[in-house]
Amino acid sequence: MGAHNAHYETAGTRERRPDHVTIAAKFDRYARFYQRTAKDIVGGAWLWSIRWNYDTDPYRDPLPPILLVFNEIGARSARTQIRNIAALTRHHWEGQPDREGAFHSYRGKIPIVATRLDLLRKHGPHGPVFWRFGRKHREDLWSAVGNPREEATLRQRAQAYRERQAQEKRQQARQAAQREARRPSCTRCGQKLTDDRRRMTETFPEPDHNWRPGVCASCEADVLHQEKEQERVEAEERQRQETEANRPRSLFRRR
Ligand SMILES: [Zn+2]
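Residues numbered from 1 in each chain as written. Predicted model: local features only at pLDDT ≥ 70, side-chain atom pairs only at ≥ 80, totals over all residues.

Novice: Whenever I open this one, the confidence of the model for the protein chain confuses me. Can you help?
Specialist: Per-residue confidence for the protein chain gives a mean pLDDT of 85; residues scoring 70 or more make up 86%. Low pLDDT (under 50) marks residues 1-7, which in the prediction has 20 contacts with non-local residues, meaning those over four places away or in another chain. Long-range and interchain partners of residues 12-17, a stretch whose pLDDT sits below 50, account for eight contacts in this model, where long-range means more than four residues apart. (pLDDT = per-residue confidence, 0-100. Contact = placed C-beta atoms within 7 Å.)

As C-alpha cells, this is what we get:
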C-alpha cells in the first residue's frame, strides 16, 4: 500500500472554483484513467501501475488512493464541500460489505481521502487529519488509505481458524487415545487387535473357512495351521483305522 504514491488534488481556491461538481467530475476522469491499459506492454498492464509504484493485489486491493487537500476556505465550508463531493462520487469509492458485515472490501474502488491544509499544518502529515470517504472519523493517512478493519478481521479470523485447528487436533488426539484404550485384545495372546481385525471381528463375529474372529493375524495363522494339522492327523488316523478294520475281513475272505 503506497500511500505516499497517492495522487494529489488541491481544490477550493479563493474563488471557490472548481466547485464540488467540477471536483466530483474529476473522479470520473480518474476512474477512466484507471481503466486504461498500456497498449505497448504484453498482457496490457494498467497504465497507472507503470507510472506509480503501487503494490496491489488485484483480487483484493482498491485502486490507488486519491488525496484531496482543501486550502484557504473555512472549516465549515470545506466540510460541506467534502460532503457534497463524497455524495457525488459514491459509486467510485463505496465498498462492498463483507458477508459478515465486519468490514468493507474496496476492490476496484478508489479510496478518496480528504484533509485541510490548516489541519495538516497543525498536526503534521502523520497526524489523524485524513477523512476517508465513507468513514466516520479522521485517521492517520496510513489507516485512511488502508483497511484497518479488514486487516483486524482477517487477523482475528486467521487466529480463530488456528485455534479451531488446534482444538480439533487435541480432540482427535483425545479420541485416538480413547479408541486405543478401548481397543480389544487378541483372545489368544493378549496383543491389541489392529483396526482392521477389530472391524472385521465386529462385522463377522462368526468363524469361517479361513477367518477366526477375536484373535490377531499371527494367532489366526497359528490356529488355522494347527487346525489343518489336526485335521490331517485325524484323517490319517481314520485312514489307519479303516485299513485296520478292513484287514481282518480281507484276511477272513481270503480264508
Ligand atoms: Zn494373538
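Novice: Honestly, the pairing of strand E2 (residues 66-70) in this entry has me stumped. Any pointers?
Specialist: In regular strands, side chains alternate between the two faces of the sheet. What you see with E2 is a clean split: Ile-66, Leu-68 and Phe-70 sit on the buried side and Leu-67 and Val-69 on the side with no burial. Pairing analysis gives five bridges linking E2 to strand E5 (residues 112-116), with the strands arranged parallel. If you follow Phe-70 over to E5, its bridge partner there is Arg-116. (Buried ≥ 20, exposed ≤ 12 C-beta atoms within 10 Å, placed from the backbone. Helix = DSSP H or I, 4+ residues; strand = E, 2+ residues; numbered from the N terminus. Pairing = 2+ DSSP bridges.)

Novice: Help me understand helix H1 (residues 20-35), please; the structure alone is not making it clear to me.
Specialist: An α-helix turns once every 3.6 residues. As a result, residues three or four positions apart point the same way. In this model H1 runs 23 Å from its N-terminal to its C-terminal C-alpha over 16 residues, within 8% of the 22 Å that 1.5 Å per residue would give. Inspection of H1 places His-20, Ile-23, Phe-27 and Tyr-30 among the buried residues, and these make up the whole buried set. Buried residues of H1 fall within an arc of 65° about the axis and therefore sit on the same side. Opposite the buried face of H1, at more than 90 degrees from it, the exposed residues are Val-21, Thr-22, Arg-29, Arg-32 and Gln-35. (Expected span 1.5 Å × (residues − 1). Arc of directions from axis to C-beta.)

Novice: I would appreciate a short explanation of the nonpolar core in the present structure.
Specialist: Grouped together as the largest cluster of nonpolar side chains are 23 residues, with contacts concentrated most on Ile-82, Ile-110, Ile-112, Val-113, Ala-114 and Phe-130. Every element with two or more residues in this core is listed here: H1, E2, helix H3 (75-88), E5 and helix H6 (141-145). When residues in this core are grouped by element, the largest group, four residues, is from H3. Sequence-distant contacts of Ile-112, that is, excluding residues within four places in its chain, are made with Ile-66, Leu-68, Thr-89, His-92, Trp-93 and Phe-133. (Core = buried A, V, L, I, M, F, W, Y, C linked by C-beta atoms within 7 Å.)

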